[in-house]
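Observations on chain architecture
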Amino acid sequence: MKDSECVNFLQWALPHLQMRWAGFRKVRGQVCKRIQRRLQALGLADVHAYRERLAQDPGEWSVVDAFCRISISRFCRDRQVFDALGRLVFPELLALARVRREHRVHCWNVGAAGGEEAYSLVLVWSFAVAPQYPGMDLTVHGSEVDDHQIARAQAACYGRSSLKELPEAWRLEAFAREGDLFRLHAKYREPVLFLRQDLREEAPKREYHLVLCRNLAFTYFDEMLQHAVCRRLAAHTLPGGILVLGSHEKLPPGATGFRPWSRPMGIYRRVPASETG
Ligand SMILES: C[S@@+](CC[C@H](N)C(=O)[O-])C[C@H]1O[C@@H](n2cnc3c(N)ncnc32)[C@H](O)[C@@H]1O
C-alpha cells in the first residue's frame, strides 16, 4: 500500500472514530503497517475494498480503533516535567493533602501504556520527595485500554532505551538487570494499580490530587472528544489539584475547569467551577 493511499484512508476513517489526522501525521507508519496486515489477513486488494468492508461490517471499526493506539512511552519522558513534579508539584500537592487531613497523594495516570509513566511517578516520589515527607504515601492508578500494554505494565520489565531519561542512580537502585532488560523492584511497583479502562467512556471512581493525561487525548482525539475528556478529567481532579498534559499538548479552546500552571510544560491547576468562565 502506498503512503498516500494510507493517508487518504486515515483522513477518511479517523473522524469516524472522533480522532484527528494531525495527531497521526508523524506516527502513521505503524498504523499503516497494521492496516496493511489486516488487508492481507482479510484477503482484500486495497483500502477501497477495506472501506467497503467497513460499510458492510460496522464491527470492523473496533479493529481500526485498536490499530490507532500508539503506545510510545518511556521513563521520565520530558525529564524537565518530572523534575518539576518532584521539586514543585508534589510539595504543593502534599500541602493540599495535609489541609484535607490525608496522608496519601493520589495520582491518576491516563493512557499508562507499558507502565513507564506510572512507575516514573513512583520513582520521583521515592527518590526526590518522600525522604523529606515522612509519614506521607503515594498511590498511582494507571488506566489503559489495551490488554497487551497492561500485561507489559504488570511485568515491569524494560529495555535500556525506555530508561534513557531516568537518572542513572535511580536506575541502578530501582531495577534488577535481567540480560538486556531491566526489571523494576517490587517495592516500586506496589503503589501502582493498573485498570483496564477506555478514557472515552470511563474513569476510576475517586478524585485525584494529580492527573497525568499525556500524549493521548490532546494529540489524537478530535476537539469535541477532547472537551468531553476534559470534563471527565476535571470531575476526577480535586480543586487545587494538578493536571499534566504532554509537553506539546494543550487543552482545547474554551475548556473550563483548569488554569495554566506552567505553560511550556503543559501543567494546569484544577480550579473550582465558580472561578472559571
Ligand atoms: C502514546 S501512549 C502515551 C503513554 C504515556 N502517557 C506517555 O506519555 O508516555 C498512549 C497510550 O494510551 C492508550 N490509549 C489509547 N486510547 C485509549 C483510551 N481510549 N483509553 C485509555 N487508554 C488509551 C494507548 O493504548 C497507549 O498505551
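These numbers were taken from a predicted model, which means no experiment stands behind them. (Residues numbered from 1 in each chain as written. Predicted model: local features only at pLDDT ≥ 70, side-chain atom pairs only at ≥ 80, totals over all residues.)

1. Section: the nonpolar core
To keep things clear, this is the line we draw: Note on definitions: a nonpolar core is a set of buried residues drawn from Ala, Val, Leu, Ile, Met, Phe, Trp, Tyr and Cys, linked by C-beta atoms within 7 Å. Each residue is classed by its C-beta neighbour count within 10 Å, where at least 20 other C-beta atoms makes it buried, 12 or fewer makes it exposed, and intermediate counts make it partly exposed; the C-beta atoms are placed from backbone geometry. Per the annotation, domain bounds derive from an automatic or database assignment of domains.
Counting 75 residues, the largest nonpolar core has Leu 210, Val 211, Cys 213 and Leu 243 as the members making the most contacts within it. Domain assignment of the residues forming this core places at least three in each of domain 1 (3–67) and domain 2 (79–275).

2. Some details on the site of the ligand
Applied cut-off: Nearness is defined per residue: the C-beta atom, placed using the backbone, must lie within 6 Å of the molecule or strand. Residues are grouped as follows: Ala, Val, Leu, Ile, Met, Phe, Trp, Tyr, Cys and Pro are nonpolar; Asp, Glu, Lys and Arg are charged; every other residue, Gly included, is polar.
Not every one of the 21 residues close to the ligand is listed here, only the nearest: Ser 73, Gly 111, Ala 113, Leu 199 and Asn 215. Across the shell around the ligand, the residue classes tally to 6 nonpolar, 7 polar and 8 charged.

3. Here's the deal with the sheet that holds strand E9 (residues 258–262)
Paired through backbone hydrogen bonds, the strands of a sheet run either parallel or antiparallel to each other. Worth spelling out the cut-off: Pairing between two strands requires that DSSP report at least two bridges joining them. Here a strand is any run of E in DSSP of at least two residues, a helix any run of H or I of at least four, and the numbering for each starts at the N terminus. Simply put, an axis is a line fit to the C-alpha atoms, just over the touching stretch for a helix, and the angle between two N-to-C directions goes from 0 to 180 degrees. Residues are defined as contacting one another if the C-beta atoms placed from their backbone atoms lie within 7 Å.
If you walk across this open sheet you meet the 7 strands as E6-E2-E1-E7-E8-E10-E9, and the pairing is mixed. Edge positions in the open sheet fall to strand E6 (192–196) and E9, since each of these has one partner strand only. Strand-to-strand twist across the sheet, computed as the mean angle between neighbouring axes with direction ignored, equals 25°. Where helix H6 (residues 79–99) meets the sheet, it contacts strand E1 (104–110), strand E7 (208–213), strand E8 (237–244), E9 and strand E10 (267–270), and its direction lies at approximately 175° from that of E8. Strands E1, strand E2 (137–144), E6 and E7 of the sheet are contacted by helix H7 (residues 116–129), whose axis makes an angle of about 170° with E2.

4. Here we look at the environment of Gln 132
In this structure, Gln 132 sits in the loop between H7 and E2. Take Gln 132: there are 10 C-beta atoms within 10 Å of it, and that puts it in the exposed class. In the structure, Gln 132 is positioned 41 residues away from Pro 91 in sequence and 9.6 Å away in space, judged by C-alpha atoms.

5. Observations regarding the domain arrangement of the protein chain
The domain architecture assigned to the protein chain consists of domain 1 (3–67) and domain 2 (79–275). On a C-alpha basis, the centroid separation for the pair domain 1 and domain 2 is 31 Å. Taken residue by residue, the interface counts 6 residues in domain 1 and 6 residues in domain 2. Broken down by class, the residue content of the side of domain 1 that touches domain 2 amounts to 3 nonpolar, 2 polar and 1 charged.

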